[in-house]
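Chain by chain, the residues run as shown.
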Amino acid sequence: MQDGFIKVAAGTPKIRVADCAYNARAIIALMRDAAGQGVKVLCLPELCITGYTCGDLFLQSTLTQGAEEGLGTILESTHDLDMITAVGLPVYLENKLFNCAAVIHKGKILGLVPKTHIPNYGEFYESRWFAPGSLDMTYHCTFCGQNPPLGSAQLFQAQSMPNLTIGVELCEDLWAVSPPSSRLAALGATLILNLSASDEEMGKAERRRSLTAGQSSRLCCGYVYASAGEGESTGDLVFSGHDIIAEDGVILAENRFAQGLTISEIDVDRLAYERRRRNTFPQEELREYQLTHGLYTCSLTPDSLALSPTSLTRPLSPTPFFPQDPEELERQCEEALTIAALGLKKRLEHTGVKSCVIGLSGGLDSTLALLITARAYDMLGRDRRDILAVTMPCFGTTRRTRSNAEVLAERVGSTLKVVDISEAVKIHFRDIGQSMENRDVTFENAQARERTQVLMDLANQTGGLVIGTGDLSELALGWCTYNGDHMSMYAVNAGIPKTLIRHLTAYAAGQADGTDPALAAVLRDILHTPVSPELLPPSEGEISQVTEDIVGPYELHDFYLYYAVRWAFPPRKVLRLAERAFEGRYDRDTLLKWLHNFYRRFFSQQFKRSCVPDGPKVGPVSLSPRGDWRMPSDAVSALWMKELEDI
């Protein structure tokens, strides 16, 4: 339960129809199994103490009394379990029978939540036996020797985890036009439990997946769905025990045609942050509803659900900016290239410029910028020869990168211009008194600024725009020369992290395989060229300045960027996730070293991001000062650095 993670489970016990004592024993065994695996919230199927398929037996008091006795046995046998469990059973109250979820903890019934939407169609005739619950009324009843509240509008809060608030709905409630979970989430629920008994038919499982994932996304919540399985009557229907755990649109774990537990972890702190960011859960409505309706909130004592380390089993990709599935990756690469090209297309249409000017180094970033620009030209039906690709060799340029730049410009169909800036930089050094032997930051940055001056002037000559090549990862780390490669007239790569740029280039190479093998070959050679600004002289003809040796691996920095900026996770939590995602590849000390460097550079380099040019947002993170990221350039990093030092 640390760092906002709560281990949850959907469980499907093997039951016998109408055998409440047998079913209670099966439920107890499953609850103990879950608790033994560290589960803190368990959702069991609808009417699992009796079985869902009892039919007219539900009207027999023998069955309803047996269900109450079964719950009593469960309460007595699990009073030592520090785990919230939702278990389904029929509850008789004031001449009505309700299809309920009993929410229990340490032998106490926290609340009885009745099903709100009672189906009466097809194979479902629940209205023959059950009355609907109401979101507008909560009763107190006597059940199992206790006095729990009964009503659909109930929330269950854990004081030990301020962001954990649980709401409950049952089966058909999710399929309704207005699911109770929508109101419960608006009232503060971050975790929804659904006790279900959904039968099987071809294609229905995908609808359940879509509904649970979609509702968790719409409500920005965790969603645990537990359905009835083996043991139900198969007279006319088959039940598969389809259990699903979803969080904010993503299915974390799933089982079908099986009994037992489906376990994962919900990050309630992440959900709470996203709700704050979206600002779509108005508190005024919550207060008004509490005053005028029967909302009942059960707040567990501070020592309940005691905080303890939570082992993570949920999927965690080391590449959060793109999927690892090859087919999905290809689809997203095409989407990313199209988004970036559409942004440039609009800018070219609006400005009416005659050309685009790109500084082509033979490296990854400028390669992608050229590919995006070519795609925008194709969208406009314009001649690619109006793209001016400028290669500007200087002291650090190697034969390999210069050759790749020239071949790339030719194969793409752009116009190539070579401007050797060596003499211009030497004259500048003479003017400012900079020794050629002094290889300091002035030696490096003067080259970058000279290149930008050349590009800007060529853009003036040709009536064009300078297309920026800097990427999202470089913006995060400030790995760019202020008013050098930091500046352009439209930055097509500004929303694309370095790790994704590699895959976009590889995707373009794959597309070229069948049409232009020479283009595919040069793109692949660029992919295998070390990332470098090439501002220091080569060593024996090879690149001497490797970026990742200086700032750290981009795969780590992109991971840190995603979780530190997109989800606002604190350094300790970012490190914890990195340890799991990169287990076996980087040790803790290495991860901590580069995380420290990430935060140091991220704070100190904000002034470079405060004045970056326009560029399209492509993925979930943007550092544009006009878009997703508003941060003062003088913000102090002391709090974040202290947390790192304390780890």
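A. Local environment of the overall build of the chain. Assigned secondary structure in the chain consists of 21 helices and 22 strands. If you line up the chain on its principal axes, its C-alpha atoms span 100 × 50 × 45 Å. Burial statistics for the chain: of 647 residues in total, 57% are counted as buried. Residue pairs at least 24 apart in sequence account for 73% of intrachain contacts in the chain once pairs closer than 6 positions are excluded. Only carbon and sulfur atoms are counted for the fraction: they give 49% of the accessible area of the chain, which is about 26,600 Å². Of note, the chain has its 63 positive side-chain charges centred 4 Å away from the centre of its 80 negative side-chain charges.

B. Structural detail: the environment of Thr212. Within the element layout of this structure, Thr212 appears in helix H5 (residues 204-218). With a relative accessible area of 1%, Thr212 lands in the buried category. Each C-alpha atom of the pair Thr212 and Trp175 lies 9.7 Å from the other, and the pair is 37 residues apart in sequence. Setting aside residues up to four positions removed in sequence, Thr212 forms contacts with Leu174, Tyr223, Tyr225, Ile244 and Ala246. A polar contact is formed between the side chain of Thr212 and the backbone oxygen of Arg209, at a distance of 3.1 Å.

C. Looking closely at empty space enclosed by the protein. Per the stated rule, a full pass over the model turns up five cavities of 30 Å³ or more. As for the largest cavity, its lining consists of 15 residues, and the residues nearest its centre are Gly470, Leu475, Asp485, His486 and Ala491. Within the lining of the largest cavity, the residues separate by chemical class into seven nonpolar, five polar and three charged. Roughly 90 Å³ of volume is contained in the second largest cavity.

D. Examining the pattern of salt bridges more closely. Under the counting rule described, the total for this entry stands at 43 salt bridges. With a shortest N-O distance of 3.2 Å, Asp248 and Arg278 are connected by a salt bridge. On the criterion of sequence distance, the pair formed by Asp248 in the loop between strand E14 (243-247) and strand E15 (250-255) and Arg278 in helix H6 (residues 268-278) is long-range, its members being 30 residues apart. A relative accessible area of 12% places Asp248 in the buried class. Overall, the relative accessible area of 30% leaves Arg278 in the partly exposed class. Among the salt bridges present, the one from Lys426 reaches Glu423, with a minimum N-O distance of 3.8 Å. Of this pair, Lys426 and Glu423 both sit in helix H11 (residues 422-432), separated by three residues, roughly a single helical turn. On the basis of relative accessibility, which here comes to 51%, the residue Glu423 falls in the exposed class.

E. Molecular detail of the nonpolar core. With 91 residues, the main nonpolar core has Leu408, Tyr560, Leu561, Phe598, Tyr599 and Phe602 as its most contacted residues. With residues near it in sequence (within four places) discarded, Tyr560 still touches Val565, Val574, Ala578, Leu591, Trp594, Leu595 and Phe598. Core analysis: the second largest hydrophobic core is formed by 48 residues, Ala9, Cys48, Val87 and Cys141 among them.

F. Representation of the sheet that holds strand E17 (residues 296-300) in the model. Taken in spatial order, the seven strands of this open sheet run E15-E14-E13-E12-E11-E10-E17, and their pairing is mixed. Either end of the sheet is taken by a strand with one partner, and the two such strands are E15 and E17. Across the sheet, the mean angle from the axis of one strand to that of its neighbour is 20°, orientation sign disregarded. Relative to E17, strand E10 (residues 154-158) is paired through five bridges, and the arrangement is parallel. Directly across from Gln154, in E17, lies its bridge partner Tyr296.

G. Quick peek at the packing of aromatic side chains. Counted by the stated rule, this structure contains 20 aromatic pairs. Residues Phe602 and Trp629 carry aromatic rings whose centres are separated by 5.6 Å and whose planes lie at 65° to one another, so their mutual orientation is edge-to-face. Taken as a pair, Phe602 in helix H19 (residues 588-604) and Trp629 in the loop between helix H20 (606-609) and helix H21 (638-646) lie far apart in primary sequence, 27 residues in all. Judged by centre distance (4.8 Å) and plane angle (45°), the rings of Phe603 and Trp640 are tilted. Of the two residues, Phe603 sits in helix H19 while Trp640 sits in helix H21, which places them 37 residues apart along the sequence. Classification of Phe603 by relative accessible area gives buried; the value is 9%. On the basis of relative accessible area, Trp640 is assigned to the partly exposed category, the value being 34%. Through a chain of ring-to-ring contacts, three or more aromatic side chains come together here, namely Phe321, Phe559, Tyr562, Tyr563, Phe569, Phe582 and Tyr586.

H. Region of the structure containing the side chain of Asn23. Topologically, Asn23 is positioned in helix H1 (residues 20-36). With near-sequence residues (within four places) excluded, Asn23 lies in contact with Ile15, Arg16, Cys48, Ile49, Thr50 and Gly51.

I. Spotlight on the packing of helix H10 (residues 399-412) against helix H15 (residues 517-527). Interhelical geometry of H10 versus H15 gives an angle of 145° and a closest axis separation of 10 Å. At the point where H10 passes H15, the crossing takes the left-handed sense. Touching Arg400, Asn404, Val407, Leu408, Arg411 and Val412 of H10 are Ala518, Leu519, Val522, Leu523, Asp525 and Ile526, all from H15.

J. Looking closely at the sheet that holds strand E18 (residues 355-359). Read across the sheet, five strands follow the order E20-E19-E18-E21-E22 without closing on themselves; strand pairing throughout is parallel. The sheet is open, and its two borders are formed by strand E20 (415-418) and strand E22 (490-491), each paired with just one other strand. Note that strand E21 (residues 464-468) and E22 share two bridges and pair parallel. Within E22, the residue paired with Gly468 across the bridge is Ala491. Its contacts with the sheet place helix H8 (residues 326-351) against E18, E21 and E22, and it is angled at close to 160° to E21.

K. Here's a closer look at the pairing of strand E12 (residues 191-196). Within E12, six of the six residues are buried, which leaves it mostly tucked inside the rest of the structure. Residues Leu191, Leu193 and Leu195 point to one face of E12 and Ile192, Asn194 and Ser196 to the other, with burial holding for every one of them. Pairing geometry for strand E11 (residues 165-170) and E12, over five bridges, is parallel. Bridge pairing in E12 links Ile166 to Leu191. As paired strands, E12 and strand E13 (residues 222-227) are joined by six bridges and run parallel to one another. When the sheet's bridge partners are listed, Leu195 is paired in E13 with Ala226.

L. The arrangement of unusual backbone geometry in detail. Phi angles above zero are rare outside glycine, and Cys171 is one such case at about 40°. Along the polypeptide, Cys171 turns up in the loop between E11 and helix H3 (172-175). Non-glycine residue Asp248 carries a positive phi angle of around 45°.

Parameters and conventions
- Residues numbered from 1 in each chain as written.
- Predicted model: local features only at pLDDT ≥ 70, side-chain atom pairs only at ≥ 80, totals over all residues.
- Heavy atoms only, no water.
- Helix = DSSP H or I, 4+ residues; strand = E, 2+ residues; numbered from the N terminus.
- Buried < 20%, exposed > 50% of the residue type's maximum accessible area, 1.4 Å probe, protein only.
- Contact = heavy atoms within 4.5 Å.
- Areas by Shrake-Rupley, 256 points an atom, 1.4 Å probe, with all protein chains shown as cover.
- Lys, Arg positive; Asp, Glu negative; His and termini not counted.
- Charge placed at Lys NZ, Arg CZ, Asp CG, Glu CD.
- Polar contact = N/O pair within 3.5 Å; in protein donor to acceptor, adjacent residues only side chain to side chain.
- 1 Å grid on protein atoms, 1.4 Å probe; cavity = no way out; pocket = protein on both sides within 12 Å on 5 of 7 lines; lining within 4 Å.
- Points joined across faces, edges and corners; volume = space filled by probe spheres on them.
- Nonpolar A, V, L, I, M, F, W, Y, C, P; charged D, E, K, R; others polar.
- Salt bridge = Lys/Arg side-chain N within 4 Å of Asp/Glu carboxyl O.
- Core = buried A, V, L, I, M, F, W, Y, C linked by side-chain atoms within 4.5 Å.
- Pairing = 2+ DSSP bridges.
- Axes fitted to C-alpha atoms, helices over the stretch in contact; angles between N-to-C directions.
- Phe/Tyr/Trp six-rings, centres within 6.5 Å; stacked < 30°, edge-to-face > 60°.
- Left-handed = near helix turned anticlockwise from the far one by under 90°.

This is a description of form; function is not addressed.
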